[in-house]
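# Inside the fold
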Amino acid sequence: HRGYYIRARAVDHCVQDFLLKTQCLPGTQILSLGAGFDSLYFRLKDLGLLHHTVVYEVDFPNVACQKAALIKRMKELSALVGDTGGEGLGAITFSGEDYKLLGVDLSELSELERTLQEAGLNNEIPTLFIAEVVLTYMDNTRSDALIQWAAEHFPQACFLVYEQVHPEDPFGHVMQQHFSQLNTALHSLAKYPDCEAQQRRFLGRGWTECSVMDMNEFFTCCIPEDEQQRVQTLEPFDEYEEWHLKCSHYFVLAASKGMEPSWTPLLPSVTVPGPLAHSHAGPVGMAGSVPAAACARLSGVPGLRRYGHHSALIKPNVILTTGGFGEEDGQHRRMRNFHVLSKHAGNWKAVCVTQNIPDKRWGERLYHTVSCLSDTLALVVGGRTSPSSAGLGMLWLKFPKSCNTSGPDEVAVELVSLQPAAEAAALRWRHSTTEMTFKGEHYLFVYGGRSALEPVLGDWYFLHTPELSYTVIAVEGPVPESRHSHSACSWEGGVLIAGGLGAAEQPLGSVFLLRELEHGFQWQTIETHPPLVPRYSHTAHVHEGKLLLVGGVWFHASSVPGITVIDLMTGLCLDYMINVEHLEWPLMLHNHSSVFLPNEKELLVIGGGGNCFSFGTHLNPEPVSLSLSSILISH
């Protein structure tokens, strides 16, 4: 719903801006190319915005004929066109006083020009061309010729384009595959893969001004804050990653020539705070790359294709993965089964998990945390089923002492419900739960996240283990802004918080340390340089004074997040891309889990992916091993 909302909003925004800027002129035109069954004319007419504007729509003859028949059948539509609306002649399938519907193939320019003249198009008055996901379906030479023809034949003209961009990243691959399977390949993408290339395309073909934004930037900068908030609260929503990825793969472009004053519908109308402005900045510089290798022995293992899950190292070389959404019993669903990986002689292998299934206490949860408190006990905190339901409570997971790396091929996991005093701490998801110490005692620090009532939380709880009593400990210093989908790591008895998604659904680039003092804790900002690119839905680990951030989602559409290394002593922040040339599938590094093995300097990424708008669901098919030895050279 949001994906189609932003498309309609962008087109309406630009069209209404054109009508507003030209309202004092005696006559204007809108020419909608490949209009399909778009209702734009009828909406504008109903709003009383077409005082002196004629709308021309062009599409294939069969589409135009169907649309003309539909208009004639529906009284409401016929009434808006007016009594003069009647039978067209030849390629003109419908002709009203201020609405003309033409059946012509856009790629046949001479035929298009002849039919438009016949229908009464006036080359001498300001004309807005609209191509909403149209040019990309045409052969590039023909769509380029159409752009140039419009510039050459219309002295005062504006051109509005909405279509796809960034074909080469993981989301882009899934998007391209979808359109190829429909036999509607996207031709523009190879030649014009980014916003800058699209801008050059127009400036090089007779258009004197051209501005372009991806849809993340459009939503942030051109939609008023009260409207953003209205949209964000319309329905239960928890697909932030897919929403932001969809928006980074579509752009809106406004080109013009000969317009006085100039047509600039994409000027930011919302003041964007500094950190958010930075999040739309240019390409991210990469310090190097990290090789990725698929764990071939785990290929096809059921239960590893999931996202929104949690993986925890429950013993050396034994990883327990729980929850999330993925593929189970041949269908996509919230996952009931647990999964164990164990490492033998340098190779990971899957181990079957037996548990009391279906156990309603588990609740098929997503976005929970699992903290290992001993070699037989782990604590599950929070998580959700549906985003409109209350968060789920806490559970103990018990497993036998005998489940070691050389042990059996089966691990029994027992679930034990509990009702701790700090139940409010558990009714959340997309939060973090981190082990920490205070005055030699062990605690779990539950921080942030979201709930069914609050789209973002900034509170925290200290749970004293093992009895999970809620303890009040003084915390001083500037409180970090509320966030979810951040990362949290134990470090020197305290907790490191990095990134996350903030209150306005905007990625954050801040890093905080909750540091132990004599009488409590203190929030301390860790300054990074260059500044950390804002991101969320990443994972994190600490190794020898370095904070490692893995994957996530950011607004820099020119690349996807790989591995970021922050030196906690100096604040130096370096980004490394992940080299995926040996993977046969797109590696989506959000909603994944990761486990760091310090001795091998190996990072194991499990699961990840998501629902890619209307293009299908992508689940990383097998775990991936990242060798970090080259970027973690000990000093």
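Residues numbered from 1 in each chain as written. Predicted model: local features only at pLDDT ≥ 70, side-chain atom pairs only at ≥ 80, totals over all residues. Heavy atoms only, no water.

Per an unreviewed UniProt entry, the chain goes by tRNA wybutosine-synthesizing protein 4 and derives from Callaeas wilsoni. The UniProt entry for the chain carries the following text under Sequence similarities (unreviewed entry): "Belongs to the methyltransferase superfamily. LCMT family." What the UniProt record of the chain gives under Pathway (unreviewed entry) is the line "tRNA modification; wybutosine-tRNA(Phe) biosynthesis." (UniProt positions renumbered as here; feature names shortened; annotations may be inferred.)

Right, let's get into helix α7 (residues 170-181). Given a rise of 1.5 Å per residue, 12 residues ought to cover 16 Å, and the 17 Å separating the end C-alpha atoms of α7 matches this to within 8%. Of the residues making up α7, those classed as buried are Pro170, Phe171, Gly172, Val174, Met175, His178 and Phe179. Buried residues along α7 sit in contact with β7 (157-164), α8 (188-191), α12 (240-248), β9 (250-257) and β38 (617-619). A positive phi of about 60° marks Asn183, the residue just after α7. (Helix = DSSP H or I, 4+ residues; strand = E, 2+ residues; numbered from the N terminus. Expected span 1.5 Å × (residues − 1). Buried < 20%, exposed > 50% of the residue type's maximum accessible area, 1.4 Å probe, protein only. Contact = heavy atoms within 4.5 Å.)

Attention shifts here to the pattern of salt bridges. All chains considered together, the criterion is met by 27 salt bridges. Note that Glu241 and Arg430 form a salt bridge whose closest N and O atoms lie 2.8 Å from each other. Residue Glu241 is located in helix α12, and its partner Arg430 is located in the loop between α14 (423-426) and β22 (432-438); the two are separated by 189 residues in the primary sequence. The same class applies to Glu241 as to Arg430, namely buried. With a closest N to O distance of 3.1 Å, Glu364 and Arg333 form a salt bridge. Of this pair, Glu364 sits in the loop between β17 (347-355) and β18 (369-372) while Arg333 is found in strand β15 (residues 331-334), placing the two residues 31 residues apart along the sequence. (Salt bridge = Lys/Arg side-chain N within 4 Å of Asp/Glu carboxyl O.)

Tallied over the entire structure, the rule returns zero disulfides. Of all cysteine sulfurs, the one in Cys195 lies closest to Cys247, which takes part in no disulfide; the gap is 12 Å. (Disulfide = S-S within 2.5 Å.)

In terms of domain boundaries, the chain breaks down into domain 1 (1-263) and domain 2 (286-627). Counting from both sides, the interface comprises 28 residues of domain 1 and, opposite them, 34 residues of domain 2. Counting the surface domain 1 buries against domain 2, the share from its top three residues, Asp238, Tyr240 and Glu241, is 25%. For the pair domain 1 and domain 2, the number of links is five salt bridges. Put simply, Asp238 and Arg450 hold a salt bridge, and the shortest N to O gap is 3.3 Å. If you look at where domain 1 meets domain 2, you find 14 residue pairs in polar contact (both at pLDDT 80 or more). Among the secondary structure elements, those contributing two or more residues to the side of domain 1 that touches domain 2 are α1 (2-21), α7, α10 (215-222) and α12. Top element by residues in the side of domain 1 that touches domain 2 is α12. It accounts for eight residues. For the side of domain 1 that touches domain 2, a count of residues per class yields 12 nonpolar, nine polar and seven charged. (Domains from an automatic or database assignment. Buried area = accessible area lost by both parts, 1.4 Å probe. Polar contact = N/O pair within 3.5 Å; in protein donor to acceptor, adjacent residues only side chain to side chain. Nonpolar A, V, L, I, M, F, W, Y, C, P; charged D, E, K, R; others polar.)

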